[in-house]
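Each chain is listed here by its residues.
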Amino acid sequence: MTYVDGFVAAVPTANRAKYIQHASDAAVVFKEHGALQMVECWGDEVPDGKLTSFPLAVKCQADETVIFSWILWPSREVRDRGMAKVMEDPRLQPDVNPMPFDGKRLIYGGFEVVVDE
């Protein structure tokens, strides 16, 4: 079964173009290291919640937009090997390709796919 890494973050709305370039550059690296697909989504209809919501989870500010993204891998094993290589890849180091958002508010996790219809 495939494996998915999922991400939610708040990106300064003014950094949209920078974020898209950052993600596009990263997608090349992830795919070189085994990812099947990388999808980046810019928030369009992401309501605030009273108890929980994407904006609350990432402490989204008025001048920020929530992003939702995922990376599809062929398996957990490929992901573990690939992610280790990605983290060491010089093209994604902070001094070369800095994150255009506050990484401390990034939510991420790895997920085993259990239904794929």
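Below is a summary of the structure that appears in this document. Just so it is clear, the structure is predicted and the values come from calculations on it, not from any experiment.

1. Quick notes on the overall build of the protein
Across its full length, the protein holds three helices and four strands. Across the protein, helices and strands are ordered from the amino to the carboxyl terminus as β-α-β-α-β-α-β. Against the compact-globule benchmark of 13 Å for 117 residues, the protein has a radius of gyration of 15 Å, which places it among compact chains. Overall size of the protein, expressed as C-alpha extent along the three principal axes, is 40 × 35 × 20 Å. When contacts within the protein are restricted to residue pairs at least 6 apart in sequence, long-range pairs at least 24 apart make up 83% of them. As displayed, the protein has an accessible area near 7600 Å², and 57% of this comes from carbon and sulfur atoms. Charge centroids of the protein, computed over 12 positive and 18 negative side chains, lie 4 Å from each other.

2. Things to note about the nonpolar core
By size, the foremost hydrophobic cluster in this structure holds 19 residues, and its most contacted members are Y19, F30, M38, I71, W73 and L92. Secondary-structure elements contributing two or more residues to this core are β1 (3–12), α1 (16–32), β3 (64–73) and α3 (76–88). Per-element accounting of this core gives the leading share, six residues, to α1.

3. Some words on α3
What sets the pattern is the α-helix's 3.6 residues per turn: residues three or four places apart point alike. Given a rise of 1.5 Å per residue, 13 residues ought to cover 18 Å, and the 18 Å separating the end C-alpha atoms of α3 matches this to within 8%. The inward-facing, buried residues of α3 contact β1, α1, β3 and β4 (107–112).

What counts as what
Here the residue index of a chain counts from 1 through its sequence in written order. Two thresholds apply to this predicted model, a pLDDT of at least 70 for residue-level local features and 80 or more for giving and counting side-chain atom pairs, whereas whole-chain, interface and lining totals are computed over all residues. Derived side-chain values reflect all non-hydrogen atoms in the structure, with water molecules and hydrogen atoms excluded from consideration. Helical segments are the DSSP runs of H or I of at least four residues, strand segments are the runs of E of at least two, and each set is numbered from the N terminus. Here the globule rule is a power law, 2.2 Å times the number of residues to the power 0.38, and the radius of gyration is based on C-alpha atoms. Working rule for contacts: check all heavy atoms of both residues, and any pair within 4.5 Å makes them a contact. Only the protein chains shown count as cover for residues, and all accessible areas are computed by the Shrake-Rupley method using a 1.4 Å probe. Only four residue types enter the tally: Lys and Arg on the positive side, Asp and Glu on the negative side; His and the chain ends are excluded. By convention, charge coordinates are those of NZ in Lys, CZ in Arg, CG in Asp, or CD in Glu. Only buried residues count toward a nonpolar core, which is a set of Ala, Val, Leu, Ile, Met, Phe, Trp, Tyr and Cys residues joined through side-chain atoms within 4.5 Å. For every residue, the accessible area (1.4 Å probe, protein chains only) is compared with the maximum for its type, and the residue is labelled buried under 20%, exposed over 50%, or partly exposed between those bounds. In this analysis, the expected span of each helix is defined as 1.5 Å times one less than the number of residues it contains.

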